[in-house]
Amino acid sequence: MTKCRCFGWIQVLIGQLFEFIPFGIRHDNPLYAVGDVPPGQLETLEAFAEFAQLLSRYPDSPYAADAKARMVALRNMLARHEINVANYYLRRGAYLAAANRGRYVVENFQRTPAVADGLAVMAQSYILLGMEDLAEDSISALALNYPEHPSITKDGEFDSVYT
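Only a predicted model underlies this, so the values are computations on that prediction, with no experimental measurement involved.

## As for the pattern of salt bridges
And step 1. For the structure shown, the criterion picks out four salt bridges.
And step 2. A salt bridge links Arg101 to Glu82, with the shortest nitrogen-to-oxygen separation between them at 2.6 Å. A residue pair is termed long-range when its members are at least 10 positions apart, and Arg101 in helix α5 (residues 95-108) and Glu82 in helix α4 (residues 64-92) qualify at 19 residues.
And step 3. You can call Arg101 buried: its relative accessible area is 12%.
And step 4. Of the charged contacts, one joins Glu107 and Arg103 as a salt bridge, the two residues approaching to 3.5 Å between their closest N and O atoms. Here Glu107 and its partner Arg103 are both found in helix α5, four residues apart, which amounts to about one turn of the helix.
And step 5. Given the relative accessible area of 33%, Arg103 is considered partly exposed.

## Here's the deal with a nonpolar patch on the surface
And step 1. On the surface, Leu96, Leu129, Met131 and Leu134 cluster together to form a nonpolar patch covering roughly 320 Å² of accessible area.
And step 2. Looking at where Leu129 falls in the secondary structure, it is placed in helix α6 (residues 114-129).
And step 3. Taking relative accessible area as the criterion, Leu129 reaches 34% and is therefore assigned partly exposed.

## Considerations on the environment of Ala86
And step 1. With respect to the helices, strands and loops of the structure, Ala86 is situated in helix α4.
And step 2. On the accessibility criterion, Ala86 (0% relative accessible area) is buried.
And step 3. When the C-alpha positions of Ala86 and Ala98 are compared, they lie 4.3 Å apart, and in sequence the two are twelve residues distant.
And step 4. Excluding residues within four positions of it along the chain, Ala86 makes contact with Ala98, Arg101, Gly102 and Val121.

The rules behind each value
- The residue count restarts for each chain, going from 1 along the sequence in the order it is written.
- Side-chain atom pairs in this predicted model are given and counted only at pLDDT of 80 or more, local residue features only at pLDDT of at least 70, and totals for whole chains, interfaces and linings cover all residues.
- Neither water nor hydrogens contribute to the side-chain values; these are computed over all heavy atoms in the structure.
- A pairing counts as a salt bridge when a side-chain nitrogen of Lys or Arg comes within 4 Å of a carboxyl oxygen of Asp or Glu.
- A run of DSSP states H or I qualifies as a helix once it reaches four residues; a run of E qualifies as a strand once it reaches two. Both are numbered from the N-terminal end.
- Any residue under 20% of the maximum accessible area for its type is buried, any over 50% is exposed, and the rest in between are partly exposed; the area is computed with a 1.4 Å probe on protein chains only.
- Only residues whose relative accessible area exceeds 30% and that take part in no salt bridge are eligible for patches, with like-charged residues grouped when within 9 Å of each other and nonpolar side chains (Val, Leu, Ile, Met, Phe, Trp, Tyr) grouped when within 5 Å.
- Using a 1.4 Å probe, accessible areas were evaluated by the Shrake-Rupley method; residue-level cover was limited to the displayed protein chains.
- Working rule for contacts: check all heavy atoms of both residues, and any pair within 4.5 Å makes them a contact.

And the structure:
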């Protein structure tokens, strides 16, 4: 049996989530009790794992193309969720947490529409943290790869929302 290459990151992500669960927690959904993973997010992860398993067991199935398309959509949803959380952190003034969420999207959700937003979140967070070198790196990557992003002006400058 061949393993699906995209299944590895989902196992890592689920493992990271379980690191935050305190021992002895009593709740119907312990990940929700942690406060960082809403119930729908866990189901999204589980659905992705199920589609990955279907593809690894039955790669020539008539459902393989649909499973791949659904995995792309689920992956986009997971990435968008991370950006939504990062934007929440920006509004709350938790700039380092926002930068980390943006970096996580850039590193782990390549080929999703949210990568551009991840770079923008990183740039905004680094500006607010006073980390100009990292901000410039993020802005350069954003302007080079996504020149049409709303955060990039016609002159190629970063349009900082919070400063």
